[in-house]
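Chains, contacts and geometry: an overview
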Amino acid sequence: MGRTRGTWNTKGTWLAGAALAAVLALTGYAVLSGDDEGGDTPAKGPSASASASTSPGPTYAPPEDWTEPDQWSALPRGKRTDDRGSQVGFPKSTEGAVSMMVAANATAIEGERSNADEQLRIYHSYIGKADQSSQNAEQIELNAQESDKALAKQVGVSAGQPLPAGAYVRNTVVGFKLIKKSDTEVSAWLLSRVVQKNGEMEKEKGSYTRTLAGAQWEDGDWKLTGDATARAQSAVQGQTQPRIVAPGDADFNSAGWTAIREAS
């Protein structure tokens, strides 16, 4: 599901990693300028190259009329917060695995909180032990810093400075579609909404992305792993990928997405 650094698409639009670390496994890159556009993240394991590319999807504009999603899920919360501020301790269930994937793809870059901060948090909190190494952590941090430099330029501050008031980049998972599930491994497509605002008086811009995630039960919690992600990629090979459509679009239902409600 994801990666660490952004890239430029053929239209010259900046694409940034919503979650760099899971990154190498999870979150999608999204268009951070221009109109709403669908993005696509190829499946990559956490140990994959941080320079993995992403392909923008066709332009997507959410419909004006709301169509109630057929399927909703109130995912369970993690039992505790770790020392990096991440929700952990998810139940050993399919919903618990998906909830971890959602948490690992929830990022907020604003104020003094940088993309490098978020990607390293995700990496240490959610990536399986076999996929962690000092080299991977260093590469994730370096790539995230490059993304931060590009964002700083967009919002008009010097590299390393906090973002101006009202500026942010946020990634939120809004839907999922299961691929495979067992007691110890779960994989799913994730549908995310990424929004960016460059200042108090600027217009918020956003996009939707579709990413692939694979999780395994490890040491009493769910973790993203390269092996699970590779098996998920193999499972969907040759299949039609679910369309990138927002909740409320009639095609959201026909694509097989399940919308997410906040757990109580």
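Please refer to the structure placed before this passage.
Figured I'd write up the structure that's included with this text. (Residues numbered from 1 in each chain as written. Predicted model: local features only at pLDDT ≥ 70, side-chain atom pairs only at ≥ 80, totals over all residues. Heavy atoms only, no water.)

1. Quick look at helix H3 (residues 134-155)
In plain terms, the rule: Numbering of helices and strands starts at the N terminus; helices are DSSP runs of H or I of at least 4 residues and strands are runs of E of at least 2. Expected span, for any helix, means 1.5 Å times one less than how many residues it has. Exposure categories follow from relative accessible area, calculated using a 1.4 Å probe and restricted to protein chains: below 20% of the type maximum is buried, above 50% is exposed, and the middle band is partly exposed.
Under the 1.5 Å per step criterion, the end-to-end length of H3 is 31 Å for 22 residues, consistent within 8% with the ideal 32 Å. Regarding H3, the residues found buried are Asn136, Ala137, Ile140, Asn143, Ala144, Ser147, Asp148, Leu151, Ala152 and Val155. Immediately downstream of H3, the backbone of glycine 156 shows phi near 85°, a positive value.

2. Details of the side chain of serine 192
Keep this limit in mind: Note on contacts: a residue pair qualifies if any of its non-hydrogen atoms lie within 4.5 Å across the two residues.
Looking at the secondary structure, you find serine 192 in strand S11 (residues 185-198). The residues touching serine 192, leaving out its near neighbours within four places in the chain, are Asn171, Thr172, Val173, Val174, Ser207, Tyr208 and Thr209.

3. Focus on helix H4 (residues 226-236)
An α-helical segment advances 3.6 residues per turn. Residues three or four places apart therefore align on the same side. Here is the rule: In this description, the arc belongs to the directions extending from the helix axis to the C-beta atoms.
All of the buried residues in H4 are Gly226, Ala228, Thr229, Ala232 and Val236. For H4, the arc enclosing every buried residue in end-on projection is 160°, short of the 170-degree limit, so these residues lie on one face. Packing partners of the buried residues in H4 comprise strand S10 (167-181), S11 and strand S12 (205-218). Immediately beyond the C-terminal end of H4, within one or two residues, lies glycine 238, with a positive phi of roughly 85°.

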